[in-house]
Structure formats: structure tokens, C-alpha cells
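# Coordinate analysis (summary)
Residues per chain, in single letters:
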Amino acid sequence: MIIIKSRREIEAMREAGRVAARVLQAVGQAIAPGVRTRELDALAAAVMAEHAAASADFGYQPDPRVPPYPASICVSVNEEVIHGVPGARRLAEGDVVGVDVTVKRQGFIGDAARTFPVGTLRPEAAKLLEVTEQALAVGIAECWPGRHLSDVSHAIEMVARRNGYGIVRMYCGHGVGRSMHEEPEVPNYGAAGRGPLLQVGMTIAVEPMFNIGGSDVVVDRRDGWTVRTRDGSLSAHFEHTVSVGADGPELLTLP
Ligand code: MF3
Ligand code: CO
Ligand code: CO
């Protein structure tokens, strides 16, 4: 069941989304060669606290065989796709670093991600970031009432195909609201014109994940979380929480 939100609920989600966006902004400003990913995590936790919000990631355990998520944000470097666990690793010039922030504020979730450059990137890496962000924009642009959910998926897929990138298929966008993951799933590929019709009041996290190489990913066996490209190629991830408004998409994760 897709949960339709009232205007009030959407305004509460906008407040949570604002915090997620501010955290992302602060973390982005702190990214530099030599910084440890766990320092970014500490900064994120501090900014959340400042805004009376909590990490929705910390302690998250969708599968009892996997340990609860041990940090406040996800930080995924280079071939890490998503769910990178912050730690002692130091960022280096030329890295790409995906930061995914999910906060809970007054019972509602905001979920946003962005892949940042560390210093100057190789042209291929810079292009991957540009194209993945563009795919997010075209996916969001489909979020009008009366369109099909899979129109979002299809629009994103077309951007990857035009550029020869692998689309991560194991993980998807999703409905979001009082829970981090609600129905429906929003794959980053698929035929247009399928699935449920978008309606005013639906709130979804749109989040393309593209790889320079193939689509396949593997989950780290030791931490149970970090998702990497199987072929070791660079990966990028951008995400916004969006509501379907009568006059089109509304971004809920703006600072
Ligand atoms: N922010 C992620 C998403 O976009 C989920 C976070 S997984 C967690 O759906 F383990 F970090 F919580
Ligand atoms: Co996210
Ligand atoms: Co998400």
C-alpha cells in the first residue's frame, strides 16, 4: 500500500528534509584530502543534533542476520556504491565520495544523498557525477500526478544507457514518510507506462546509482553493509525526497 500524505505531513517531511540537506551541505564543505570518513560522520551527528533531528541510519537493522548499522550517515568512496560505513579511511585527491543522509525529525524522515569530488577529478569521474545528478533531475521531472511510477524509472535508465553506464539493480529508490522505506520500490530501470499511477501526496526517494563499469555489486562480508561494484569501477549516487504535487514535483530535501 502506498501511503498518501496530507499537506501537514508533507510540511513535516519538508522540515526533516531540510535537516538532511543541511547535513549534506555541511559534510560537503568538510570534504578534503586527508579527512577521515569517521570525521564526516561526527560532523553529521552534530548538525543533526543542532536541528533537533536524529539519524535514521544509526541502529537500522532490516535483516536480523546483519548487524545494526553502526554510524549516523553512509559514506561510500570510489567503487563503494552505497552503505559505506564511516571509519579511519582518509579521503584522497581525485576520490569521489558518496554521502547519504537519512534523518528523522518529529516522526518523519528526510533522505538525501550526493556524490562529492575530492579536489580535482579525472574527466571520466567528473562526467559520472554530472550524468548521475542529471539522471536524478530527469527522474524527479517525471513526478507528476497521472504519470506511471515506471516513467520515473525509465527516464533514469535512458540517461545511463545514453552514457554507457551500469545501473545498480540490486538497490532502488522507495516510498518514504514515517518510515525510511515504504512502498513503492522505485527501480532505476524499466519500461515506461507500468506500475501504479502517481497521485498527489505520494512521497518518494528518487536515487539513481550508476557505475562506470557493470551493474553487479557485492556486499562486504565483514561489515555486512558496504556495497561495492563487483568490477571495482567507480560509482555515483544522488538522492532527493520528492512529493508529487498537483503542480508537479516538490523537492523536500532542500536546505
Ligand atoms: N539512506 C538509505 C536510502 O537511501 C538507507 C540507509 S541504510 C542505513 O534508502 F543502513 F544506513 F540505514
Ligand atoms: Co538515502
Ligand atoms: Co533512499
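If you're wondering where the values come from, they're calculated on a predicted model, not measured in any experiment.

### Focus: the sheet that holds strand S3 (residues 80–82)
Read across the sheet, 3 strands follow the order S3-S12-S11 without closing on themselves; strand pairing throughout is antiparallel. The open sheet has two edge strands with one neighbour each: S3 and strand S11 (217–219). Averaged over all adjacent pairs, the angle separating strand axes in this sheet is 40 degrees, with direction ignored. As paired elements, S11 and strand S12 (residues 227–229) share 3 bridges and run antiparallel to each other. Note that in S12 the partner of Val-219 across the bridge is Val-227.

### Some remarks on helix H1 (residues 7–30)
In this model, H1 (24 residues) spans 35 Å end to end at C-alpha, consistent with the 34 Å of a helix rising 1.5 Å per residue. The complete set of buried residues in H1 reads Ile-10, Met-13, Ala-16, Gly-17, Val-19, Ala-20, Ala-21, Val-23, Leu-24, Val-27 and Gly-28. Contacts from the buried residues of H1 go to helix H2 (37–50), strand S4 (96–105), strand S5 (108–117), strand S9 (203–206), strand S14 (240–245) and strand S15 (248–251).

### Notes on the site of ligand 1
The full set close to ligand 1 counts 14 residues, and Asp-100, Thr-102, Asp-111, His-181 and Glu-239 are the nearest of them. A distance of 2.7 Å separates an oxygen atom of ligand 1 from a polar side-chain atom of His-181. Protein burial of ligand 1: of its 340 Å² of free accessible surface, 97% is covered by the chains. Of the residues belonging to the shell around ligand 1, the class tally is 5 nonpolar, 4 polar and 5 charged.

### Section: the side chain of Glu-157
With respect to the secondary-structure elements, Glu-157 resides in helix H4 (residues 149–163). Glu-157 sits in the buried class, given a relative accessible area of 8%. Among the polar contacts listed, one links the side chain of Glu-157 to the side chain of Arg-161, at a separation of 2.8 Å. If sequence neighbours within four positions are ignored, Glu-157 has contacts with Ile-167, Arg-169, Asn-188, Tyr-189 and Gly-190.

### Side note on the nonpolar core
The biggest cluster of nonpolar side chains holds 28 residues, and the ones touching the most others in it are Cys-143, Val-152, Val-206 and Phe-210. Tallying contributions element by element places helix H3 (residues 123–141) first for this core, with 7 residues. Once residues within four sequence positions are removed from consideration, Cys-143 is found in contact with Val-152, Leu-198, Ile-204, Val-206, Val-242, Val-244, Gly-248 and Pro-249. With 24 residues, the next largest nonpolar core counts Leu-40, Ala-53, Leu-91 and Val-97 among its residues.

### Let's talk about the coordination of the cobalt ion (ligand 2)
Protein-derived coordination of the cobalt ion (ligand 2) comes from Asp-100 (OD), Asp-100 (OD), Asp-111 (OD) and Glu-239 (OE), at a distance range of 2.1 to 2.4 Å. Each of the 6 donor atoms bound to the cobalt ion (ligand 2) contributes to angles spanning 58 to 173 degrees, and the resulting shape is irregular. Separating the cobalt ion (ligand 2) from the cobalt ion (ligand 3) is a distance of 3.3 Å, and Asp-111 supplies a donor atom to each of them. Here the residue Asp-100 occupies a position in strand S4, and Asp-111 occupies one in strand S5, the gap between them amounting to 11 residues. Just as Asp-100 is buried, Asp-111 falls in that class too.

### Concerning the state of the cysteines
Covalently bonding the sulfur atom of one cysteine to the sulfur atom of another cysteine gives a disulfide. Tallied over the entire structure, the rule returns 0 disulfides. Distance from the sulfur of Cys-143, which forms no disulfide, to the nearest cysteine sulfur (Cys-172) is 15 Å.

### Some words on the coordination of the cobalt ion (ligand 3)
For the cobalt ion (ligand 3), the protein coordination sphere consists of Asp-111 (OD), His-174 (NE2), Glu-207 (OE) and Glu-239 (OE), at 2.0 to 2.2 Å. Coordination at the cobalt ion (ligand 3) comes from 6 donor atoms whose angles at the metal span 51 to 168 degrees, giving a geometry best classed as irregular. Each donor residue of the cobalt ion (ligand 3) belongs to the same chain, with the gaps between them written as D-x62-H-x32-E-x31-E. Given a relative accessible area of 5%, His-174 falls into the buried group.

Analysis parameters
- Residues numbered from 1 in each chain as written.
- Chains lettered and ligands numbered in written order.
- Predicted model: local features only at pLDDT ≥ 70, side-chain atom pairs only at ≥ 80, totals over all residues.
- Heavy atoms only, no water.
- Pairing = 2+ DSSP bridges.
- Helix = DSSP H or I, 4+ residues; strand = E, 2+ residues; numbered from the N terminus.
- Axes fitted to C-alpha atoms, helices over the stretch in contact; angles between N-to-C directions.
- Expected span 1.5 Å × (residues − 1).
- Buried < 20%, exposed > 50% of the residue type's maximum accessible area, 1.4 Å probe, protein only.
- Contact = heavy atoms within 4.5 Å.
- Near = heavy atom within 4 Å.
- Polar contact = N/O pair within 3.5 Å; in protein donor to acceptor, adjacent residues only side chain to side chain.
- Areas by Shrake-Rupley, 256 points an atom, 1.4 Å probe, with all protein chains shown as cover.
- Nonpolar A, V, L, I, M, F, W, Y, C, P; charged D, E, K, R; others polar.
- Core = buried A, V, L, I, M, F, W, Y, C linked by side-chain atoms within 4.5 Å.
- Donors = N, O, S within 2.8 Å, 3.2 Å for Na, K, Ca; no water.
- Tetrahedral: all angles 85-135°; square planar, octahedral: opposite > 155°, others 65-115°.
- Disulfide = S-S within 2.5 Å.

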